[in-house]
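Chain by chain, the residues:
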Amino acid sequence: MTEWLDDFVVRSTVAGLLMISIAAPMGCLMIWQRMAFLSDTLGHAAVLGVGLGLWLQIHPMIGVLAIVVLIVVSLSRVVSFNNSLSETTLAIISHSGLAAGLILLGTMPSQTVSLESILFGDLLATTKIDLAMILGTVVILVFLLLQHWRSFVAVSVSQEIAQAEGIEVRKLQFLMYLMIALLITVMMKVMGVLLIAAVLVIPTSSARLISRSPEQMVLGSALFGVMSLGGGMLSSFQFDWQTGPAIVLSATALLFVTLLVRRLARSAL
Amino acid sequence: MSADLLVKGKDIGFIGKSGPILDSVSFELYRGQITTIIGPNGAGKSTLTNIVTGLLQAHSGVLERANNLCIGYLPQKVYVNTLMPLSVKRLLQLTQTVSDEEVHQALSQTEVGYLYDRQVQTLSEGELKRVLLARTTLGKPDLIVLDEPTAGVDISGEIKMYDLIGEFHNQLQCGVLLVSHNLHLVMSKTDQVLCLNRHLCCSGLPESVSQHPEYLALFGDQAAESLAVYTHHHDHIHDVAGHHHD
């Protein structure tokens, strides 16, 4: 029944589409709540998770999940109202995590894991098990997003007003952190540490330029994401580029095209 | 709690980063009443409103809220999220299911009906305040909390704004908690004044507060002025249900 998944192109395309479709709403929420930098931090610290996972001889993904959850739980304890995450704190966690992870990985026999695949992921090497994990995560996240969408948007607009109106802002934010942690754990394998943040932020920024409602921005992000995925995969096959970086550059190219089109449209008026 | 009692605070204390901000403050907010908090900068006015709205938890004392208390809140500093595309209409329908008609009505009451279709991030600070003031009246609130709603508004705008707040309170039959540093402008509208300077200096009807020695010590200059300006037509009576008869 799942023979069609035997083709690695199909597997990686499906994985990419799933990632992009969940990265759209998550990326929008992270941008709205000024948490874009958090994805970078968690991505970098995840290297330590990979190192720990391999060192303890458990699955690297479990190591990553443990580390990112640990970080978001401790961060959520120190953030209070109108006191967004300090960039300094995030930078310290980010770089220390990356450094510790690199040292740990360096102590291992070199064939255990390639640094390149940690940094850039390997979409084309997506296995059926990866695909199942991605699908599971997407289902969980979509369910939570649908259930709390209104509150998430309200909290993004103003935490103070949302709280006064009876929304439990802190609980919601903690949930958001856990969702980000889960997303980054599964994105890690296919997208890699350095590309996660790009995939969450660049299509979203393009969509911001042309949308007039929060939902339009989510749809736009998904659309730009899918186009970047397509462009990235095609150029990767055509020119033998690495898939991850090719996807990111396609997204950036689309951002510039959108900026240009918007400018032309404005001057035409 | 009696039916019209919305919020009751008893011996509320709050300790900030640099020491105590509120010490043993007791108060009661009723449906149909406008309560004004006055006090100098750093007196803990915003802290107290934040405790009422649930943004902050008191460190000591007891705060009781009526069941399912619905609060409309206008914060002192309104911050616009420029990263999210959002229309004014949608902002008003964000957490509550209200019809477009109601949104129109609320906006025209605060004289910003023309902003209905505009994107929130293109509004000026004054426009946004009026939009958010309109927002507080939607969804049948029991209590409207306004933290210095007139900051950055000129005097004539300020008087208009207080008139509006008086109108809302009559229409909605709700309680109003207002933070102001300008007692003489709000006096004629206020049923109860809480004069705050980390502790509750004095409270009660505006007439009695304006003659209280602690109030005079805090607002000596302004108080003299306010007595001159003060024209208090506070001749309505409250019936049992708290309704006004002017």
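The next point concerns the domain arrangement of chain B. By a widely used convention, the size of an interface equals the accessible area lost when the partners come together. All names here are of chain B. Under the domain assignment used here, chain B contains domain 1 (1-70 + 141-192) and domain 2 (74-139). Using only C-alpha atoms to locate each centre, domain 1 and domain 2 end up separated by 22 Å. Between domain 1 and domain 2, the residue contacts involve 14 residues of the former and 11 residues of the latter. Grouping the amino acids of the side of domain 1 that touches domain 2 by side-chain chemistry returns 10 nonpolar, 2 polar and 2 charged.

Okay, the interface of chain B and chain A next. Each side of the interface is counted separately: chain B has 19 residues, and chain A has 21 residues. Of all elements in the fold, only β5 (71-74) and α2 (88-92) of chain B reach the threshold of two or more residues within the side of chain B that touches chain A.

Another aspect to go through is the packing of helix α2 (residues 36-55) of chain A against helix α8 (residues 169-191) of chain A. All names here are of chain A. Closest axis-to-axis distance for the α2/α8 pair is 10 Å, and the angle between their directions is 50°. Judged on the interaxial angle alone, α8 and α2 are oblique. Note that α2 runs across α8; the crossing there is right-handed. Between α2, through L38, S39, L42, G43 and A46, and α8, the contact on the second element is made entirely by I180, A181, I184 and M188.

Attention now moves to the nonpolar core. Residue and element names in this part refer to chain A. Counting 144 residues, the largest nonpolar core has A46, V68 and I180 as the members making the most contacts within it. The element best represented in this core is α8, accounting for 14 residues. Apart from the residues within four sequence positions on either side, V68 is in contact with L42, A45, A46, G49, A181, I184 and T185.

Bringing unusual backbone geometry into the picture now. Phi at Q57(A) is positive, roughly 55°, even though this residue is not glycine. Following the sequence through the fold, Q57(A) ends up in the loop between α2 and α3 (60-78). Positive phi is not limited to glycine here, since Q173(B) has a value of about 50°. Positionally, Q173(B) belongs in the loop between α5 (155-172) and β7 (175-179).

This next bit is on the pairing of β7(B). On a regular strand, one side chain projects to one face of the sheet and the next to the other, so that they alternate. Residues and elements named next belong to chain B. With respect to burial, β7 is a largely interior element, 5 of its 5 residues being buried. The two faces of β7 match: G175, L177 and V179 on one face and V176 and L178 on the other face are all buried. As judged from the 4 bridges shared by strand β3 (residues 34-38) and β7, these two strands associate in the parallel manner. From the neighbouring strand, I37 faces β7, where its bridge partner is V179.

Residues and elements named next belong to chain B. Reading across from one edge, β2-β1-β4 is the order of the 3 strands in this open sheet, with antiparallel pairing throughout. Among the strands making up the open sheet, the edge pair consists of β2 (19-30) and β4 (60-65). Each neighbouring strand pair of the sheet contributes to a mean axis angle of 15°, computed without reference to strand direction. Examined bridge by bridge, strand β1 (residues 5-16) and β4 share 5 bridges and lie antiparallel to one another.

Residues and elements named next belong to chain B. One open sheet accounts for 6 strands, arranged β5-β6-β7-β3-β8-β9; its pairing is mixed. A single partner strand is all that each edge strand has here, and the edge strands are β5 and β9 (199-204). In this sheet, neighbouring strand axes are inclined to one another by 15° on average, regardless of whether the strands run parallel or antiparallel. Against the sheet, helix α4 (residues 125-136) engages β5 and β6 (143-147), with an angle of about 170° to β5.

On to the environment of L172(A), then. Residues and elements named next belong to chain A. Secondary-structure assignment places L172 in helix α8. According to the C-beta neighbour criterion, L172 is partly exposed, with 18 such atoms within 10 Å. Between the C-alpha atoms of L172 and S205, which are 33 residues apart in sequence, the distance is 24 Å. The contact partners of L172, leaving out residues within four places of it in the chain, are H148, S151, F152, V155 and I167.

With that settled, consider helix α11 (residues 243-268) of chain A. Residues and elements named next belong to chain A. Compared with the 38 Å implied by 1.5 Å per residue over 26 residues, the 37 Å span of α11 between its first and last C-alpha is a close match. Within α11, burial applies to T243, G244, A246, I247, V248, S250, A251, L254 and L255. On its buried face, α11 sits against α5 (115-120), α8, α9 (193-210) and α10 (214-239).

About the thresholds
Residues numbered from 1 in each chain as written. Chains lettered and ligands numbered in written order. Predicted model: local features only at pLDDT ≥ 70, side-chain atom pairs only at ≥ 80, totals over all residues. Domains from an automatic or database assignment. Contact = placed C-beta atoms within 7 Å. Nonpolar A, V, L, I, M, F, W, Y, C, P; charged D, E, K, R; others polar. Helix = DSSP H or I, 4+ residues; strand = E, 2+ residues; numbered from the N terminus. Axes fitted to C-alpha atoms, helices over the stretch in contact; angles between N-to-C directions. Parallel < 35°, antiparallel > 145°, perpendicular 65-115°, else oblique. Left-handed = near helix turned anticlockwise from the far one by under 90°. Core = buried A, V, L, I, M, F, W, Y, C linked by C-beta atoms within 7 Å. Buried ≥ 20, exposed ≤ 12 C-beta atoms within 10 Å, placed from the backbone. Pairing = 2+ DSSP bridges. Expected span 1.5 Å × (residues − 1).

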